[in-house]
Amino acid sequence: MGYIVISVLALLCLLPFWLIISGSFSAEDDIIRDGFRLVPNHFSIDAYKAVFSNPMQIIQAYEVTVGLTLTGTILGLFFTSMAGYVLSRKDFKYRDKLAFFIYFTTLFSGGLIPWYILIVNYLDWKDSYLALLVPALMSAWNIILMKNFMKSIPDSIVESAKIDGAGEFTIYWKLILPLSTPGLATIGLFLGLSYWNDWFSANVFITTESKYPLQFLLYKILASAAVLKTDIAGNLGADFKAPAETLKMAVAIVVTGPIIFLYPFVQRYFVKGLTIGAVKG
Amino acid sequence: MILPALLFFIVFSYIPMVGVYYAFTNFSFDGGLFGSPFVGMQNFKFLFESGALYNLTKNTVLYNLAFIFVGNLLQLICAVFLSEMAGKWFKKTTQSIMFLPFFISFVLVGAFVYNLFNFETGSVNALLRGLGLQPYDFYLHTAPWKYIIVFFNVWKGLGYGTVIYLAAIMGISDEYHEAAKIDGANIFKRIRYITIPLLRPTFVLLILLSLGGILKGQFDLFWQIVGNNGMLYDATDIIDTYVYRSLAINFDIGMGTAAGLFQSFFGFVLVVTVNWIVRKVQKDYALF
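Rules of the game
Residues numbered from 1 in each chain as written. Chains lettered and ligands numbered in written order. Predicted model: local features only at pLDDT ≥ 70, side-chain atom pairs only at ≥ 80, totals over all residues. Heavy atoms only, no water. Helix = DSSP H or I, 4+ residues; strand = E, 2+ residues; numbered from the N terminus. Rg over C-alpha atoms; globule rule 2.2 N^0.38 Å. Buried < 20%, exposed > 50% of the residue type's maximum accessible area, 1.4 Å probe, protein only. Contact = heavy atoms within 4.5 Å. Areas by Shrake-Rupley, 256 points an atom, 1.4 Å probe, with all protein chains shown as cover. Lys, Arg positive; Asp, Glu negative; His and termini not counted. Charge placed at Lys NZ, Arg CZ, Asp CG, Glu CD. 1 Å grid on protein atoms, 1.4 Å probe; cavity = no way out; pocket = protein on both sides within 12 Å on 5 of 7 lines; lining within 4 Å. Points joined across faces, edges and corners; volume = space filled by probe spheres on them. Core = buried A, V, L, I, M, F, W, Y, C linked by side-chain atoms within 4.5 Å. Salt bridge = Lys/Arg side-chain N within 4 Å of Asp/Glu carboxyl O. Patch = residues over 30% accessible without salt bridge, like charges linked within 9 Å, V, L, I, M, F, W, Y side chains within 5 Å. pLDDT = per-residue confidence, 0-100. Phe/Tyr/Trp six-rings, centres within 6.5 Å; stacked < 30°, edge-to-face > 60°. Lys NZ or Arg CZ within 6 Å of the ring centre and 35° of its normal. Buried area = accessible area lost by both parts, 1.4 Å probe. Polar contact = N/O pair within 3.5 Å; in protein donor to acceptor, adjacent residues only side chain to side chain. Axes fitted to C-alpha atoms, helices over the stretch in contact; angles between N-to-C directions. Parallel < 35°, antiparallel > 145°, perpendicular 65-115°, else oblique. Left-handed = near helix turned anticlockwise from the far one by under 90°. Nonpolar A, V, L, I, M, F, W, Y, C, P; charged D, E, K, R; others polar. Expected span 1.5 Å × (residues − 1).

A few points about the overall build of chain A
Next, step 1: What chain A contains, in helices and strands, is 15 helices and 0 strands.
Next, step 2: Here chain A has a C-alpha radius of gyration of 24 Å; the compact-globule value for 281 residues is 19 Å, and the former is much larger.
Next, step 3: Projecting the C-alpha coordinates of chain A onto the three principal axes gives extents of approximately 80 × 55 × 35 Å.
Next, step 4: Across the 281 residues in chain A, those meeting the buried criterion constitute 51%.
Next, step 5: A sequence separation of at least 24 residues applies to 75% of the contacts in chain A between residues at least 6 apart.
Next, step 6: Split by element, the accessible area of chain A, about 13,100 Å² in all, is 67% carbon and sulfur.
Next, step 7: A distance of 10 Å separates the average location of the 21 positive side-chain charges in chain A from that of its 19 negative side-chain charges.

Looking at the overall build of chain B
Next, step 1: When its secondary structure is counted, chain B shows 14 helices and 0 strands.
Next, step 2: Counted from the first residue to the last, chain B has its helices and strands arranged as α-α-α-α-α-α-α-α-α-α-α-α-α-α.
Next, step 3: Oriented by its inertia axes, the alpha-carbon framework of chain B measures out at about 75 × 60 × 40 Å.
Next, step 4: Per-residue burial for chain B yields a buried fraction of 53% across its 288 residues.
Next, step 5: At a minimum sequence separation of 6, the contacts of chain B that also span at least 24 residues come to 63%.
Next, step 6: Put simply, chain B shows about 13,500 Å² of open surface, and 66% of that area lies on carbon and sulfur atoms.
Next, step 7: Distance between charge centroids for chain B: 8 Å, based on 18 positive and 15 negative side chains.

Quick look at empty space enclosed by the protein
All names here are of chain A.
Next, step 1: Considering all chains together, one arrives at 6 cavities of 30 Å³ or more under this definition.
Next, step 2: Considered as a void within the structure, the largest cavity measures approximately 70 Å³ in volume.
Next, step 3: As for the largest cavity, its lining consists of Tyr85, Ser88, Arg89, Met150, Lys151, Ile153, Pro154, Asp155, Val158 and Ile176.
Next, step 4: Going through the elements one at a time, helix 4 (56-88), helix 8 (140-151) and helix 9 (155-163) are the ones with two or more residues in the lining of the largest cavity.

Observations regarding unusual backbone geometry
A negative phi angle is the norm for most residues apart from glycine, just as the trans form is the norm for most peptide bonds.
Next, step 1: One non-glycine residue with positive phi stands out, namely A:Asp124, at about 60 degrees.
Next, step 2: Its location among the elements puts A:Asp124 in the loop between helix 6 (112-122) and helix 7 (129-133).
Next, step 3: With a phi angle near 55 degrees, B:Phe251 is a residue other than glycine that sits in the positive phi range.
Next, step 4: Residue class for B:Phe251 comes out exposed when judged on its relative accessible area of 53%.

As for the nonpolar core
Within soluble globular proteins, side chains that are nonpolar generally end up buried alongside one another.
Next, step 1: Membership of the largest hydrophobic core comes to 169 residues, with the highest contact counts inside it found for B:Met98, B:Leu108, B:Phe152 and B:Ile225.
Next, step 2: For this core, the element with the most residues is helix 8 (residues 143-170) of chain B, which contributes 13 residues.

Points about the pattern of salt bridges
All names here are of chain A.
Next, step 1: A full pass over the atoms with the stated rule returns 8 salt bridges over all chains.
Next, step 2: Linking Asp91 and Arg89 is a salt bridge whose minimum nitrogen-to-oxygen distance equals 2.9 Å.
Next, step 3: With its nearest N and O atoms 3.3 Å apart, the salt bridge here joins Lys162 to Asp91. Taken together, the residues Lys162 in helix 9 and Asp91 in the loop between helix 4 and helix 5 (95-107) connect sequence positions 71 residues apart.
Next, step 4: Among the charged side chains, a network of salt bridges with common partners joins Arg89, Asp91, Lys162 and Glu168.

Focus: a nonpolar patch on the surface
Next, step 1: A surface patch of nonpolar side chains, amounting to about 790 Å² of accessible area, comprises A:Ile4, A:Val8, A:Leu12, A:Leu15, A:Trp18, A:Ile21, A:Leu38, A:Val39 and B:Phe151.
Next, step 2: With 6 residues, the single largest contributor to the nonpolar patch is helix 1 (residues 2-24) of chain A.
Next, step 3: Structurally, A:Ile4 is set in helix 1.

A look at the confidence of the model for chain B
For residues with low pLDDT, the predicted coordinates do not support detailed interpretation.
Next, step 1: Looking at chain B, pLDDT values average 84 and 96% of them are 70 or higher.
Next, step 2: With pTM at 0.87, the complex prediction returns an ipTM value of 0.85.

Structural notes on the packing of aromatic side chains
Next, step 1: The full count for this structure, using the stated rule, is 55 aromatic pairs over all chains.
Next, step 2: Between A:Tyr85 and A:Tyr172, the ring centres sit 5.8 Å apart and the planes meet at 40 degrees, which makes this aromatic pair tilted. Remark: A:Tyr172 occurs in helix 10 (residues 168-179) and A:Tyr85 occurs in helix 4; sequence separation between them is 87 residues.
Next, step 3: The positively charged end of B:Arg245 is found above the aromatic ring belonging to B:Tyr233, 3.9 Å away from the centroid.

Quick notes on the interface of chain A and chain B
Next, step 1: On the side of chain B, 79 residues touch chain A, which itself brings 85 residues to the contact.
Next, step 2: Counting the surface lost from both chain A and chain B, the interface buries some 7,500 Å², and carbon and sulfur atoms represent 79% of this.
Next, step 3: On the chain A side of the interface with chain B, the three residues burying the most area are A:Ile6, A:Ile113 and A:Tyr263, jointly 9% of the side's total.
Next, step 4: Taken together, chain A and chain B are joined by 0 salt bridges.
Next, step 5: Along the contact surface separating chain A from chain B lie 13 residue pairs in polar contact (both at pLDDT 80 or more).

Describing the packing of helix 8 of chain A against helix 11 (residues 181-197) of chain A
Residue and element names in this part refer to chain A.
Next, step 1: Axis separation between helix 8 and helix 11 bottoms out at 10 Å; the angle between their running directions is 170 degrees. Overall, the two elements helix 8 and helix 11 adopt an arrangement that is roughly antiparallel. The handedness of the crossing between helix 8 and helix 11 comes out as right-handed. Seen from helix 8, the contacting residues are Asn142, Leu145, Met146 and Phe149; seen from helix 11, they are Gly183, Leu184, Ile187, Phe190 and Leu191.
Next, step 2: The residue inventory of the contact of helix 8 with helix 11, partitioned by class, reads 7 nonpolar, 2 polar and no charged.

As for the layout of surface pockets
Next, step 1: Reported here for the second largest pocket is a volume of approximately 530 Å³.
Next, step 2: Lining the second largest pocket are 18 residues, with A:Gln267, A:Arg268, A:Val271, B:Lys92 and B:Gln95 sitting closest to its centre.
Next, step 3: When contributions to the lining of the second largest pocket are tallied by element, the ones reaching two or more residues are helix 15 (244-280) of chain A together with helix 5 (88-99) and helix 8 of chain B.
Next, step 4: With 7 residues, helix 15 of chain A is the single largest residue contributor to the lining of the second largest pocket.
Next, step 5: Among the residues forming the lining of the second largest pocket, the class breakdown is 9 nonpolar, 4 polar and 5 charged.

Description of helix 5 of chain A
Next, step 1: Its 13 residues place the ends of helix 5 of chain A 19 Å apart at the C-alpha level, agreeing with the 18 Å of an ideal helix rising 1.5 Å per residue.
Next, step 2: Taken residue by residue, helix 5 of chain A has A:Arg95, A:Leu98, A:Ile102, A:Tyr103, A:Phe104, A:Thr105, A:Thr106 and A:Leu107 as its buried positions.
Next, step 3: Against the buried residues of helix 5 of chain A lie helix 4 and helix 8 of chain A together with helix 1 (3-18) and helix 14 (253-281) of chain B.

Here's what the structure looks like:
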């Protein structure tokens with residue numbers, strides 16, 4: 001029975017992906033007449049032709065997203081691990097006070113609107129990449145998780161390094177960081193995933209089309225608020241009309257692609273990190 | 001070395017807390033924070049009397065309850081089944097597949113919903129037409145969305161939660177199972193009398209912990225699935241979507257901040273209460 005339940009659930013997890021892939025390879029006329037199906041009536045790559053006929057917009061969005069993801073993950077990991085390190089040191093006097101100072105932000109917040117007004121009116125980050133990058137760098141949960149990982153590193157390592165005359169930053173950089181790789185990997189994945197999948201901050205802060213990250217571009221195309229700029233008439237002949245429905249699905253595939261290919265490799269680290277975190281409580 | 005983090009939280013968390021003052025004003029963009037006229041509790045009063053607050057709170061709480069219970073239960077079942085499976089290949093493959101939805105963006109989830117339920121071209125309606133039945137316009141009826149939203153939320157978190165429960169199951173000592181096997185217990189008996197009772201504390205605590213956040217919504221999920229569809233507000237509007245609308249569509253800053261403050265304040269009270277209960281049940285698991 002277990003096998004059946006698990007198989008059904010796994011199939012349900014795959015089904016939507018399959019429908020999108022099938023939709024992206026269908027002929028537009030079939031979709032308009034019969035709707036999306038599990039198997040395309042007529043196999044067609046028109047949608048992909050349209051997407052790649054003038055890929056500038058998607059390449060641009062890829063650049064924005066990759067740039068944000070890399071910078072955000074590296075900076076975020078750096079700041080999170082530094083904070084986690086300080087809070088994990090038992091000989092740090094203000095440890096509990098600062099830990100609560102950070103933890104309290106998960107309990108109470110000003111809410112979306114004051115946060116938005118701060119970023120737009122006071123920091124003046126409207127339509128700036130900073131608005132996409134900075135507010136997502138750190139989260140209290142990540143710092144707490146990091147602190148818990150680092151707590152398991154024996155104090156004697158820090159002490160012996162101190163005796164050898166190492167400064168605090170050297171200890172953190174040369175000793176603690178290399179010993180915290182599982183924690184760093186897990187939090188790095190969390191950060192990377194949240195930057196890659198972010199559409200909300202672009203939705204509220206970004207107005208220039210060329211600054212759209214991938215997921216927001218997809219959102220706009222799905223909502224039909226924007227049409228992908230494909231130079232179809234020039235490239236594919238005059239009788240070719242833009243396949244709107246299948247195009248949406250093709251863009252969804254192109255935009256999601258790397259995650260789908262990377263996830264089996266990434267998943268292993270995730271499971272490892274989560275398992276360590278869960279067992280430690 | 002902790003300075004960047006402290007600065008970050010002061011700027012992005014503590015300074016906006018001052019901004020809850022907007023909730024007590026009739027906000028105007030010219031006036032700014034303290035230039036807008038002070039109106040006291042009027043925003044709250046309006047939210048309360050218009051019935052908006054009641055409906056929003058009800059939706060938020062009920063959805064979260066459904067997410068928490070259905071989600072945790074399924075995750076637990078999956079973890080128990082997976083842990084008992086012998087075929088390594090089958091186990092690994094299905095677990096990977098169930099983890100897949102966790103990695104994709106809510107925008108893609110929105111694409112799935114569009115693909116499935118869209119009136120003209122959605123797969124469900126294609127199927128209905130294929131069977132010779134009347135197509136159904138999902139976007140005009142409130143009834144199905146409860147299930148659709150709960151389904152996709154549970155769907156997205158299934159793999160992740162299963163891993164957490166699997167870790168807890170792995171933490172159960174093998175000796176229990178060995179002893180039971182010698183006594184002649186079959187696999188179902190062992191699940192029933194060993195795995196489930198030993199997992200109960202983890203289950204209860206995970207549920208308790210998530211109850212603290214019951215007023216917080218999943219903005220991404222709701223917005224990508226339903227969007228700003230006024231027809232469906234009764235069934236799909238939660239505090240987070242209301243606050244977002246106040247900001248981005250209606251420009252009703254005072255009212256939106258008031259709803260946000262209500263959410264934060266009662267969420268805070270709830271977390272403190274839940275934490276107090278957890279402390280009574282199992283001291284080690286308390287948050288603070």
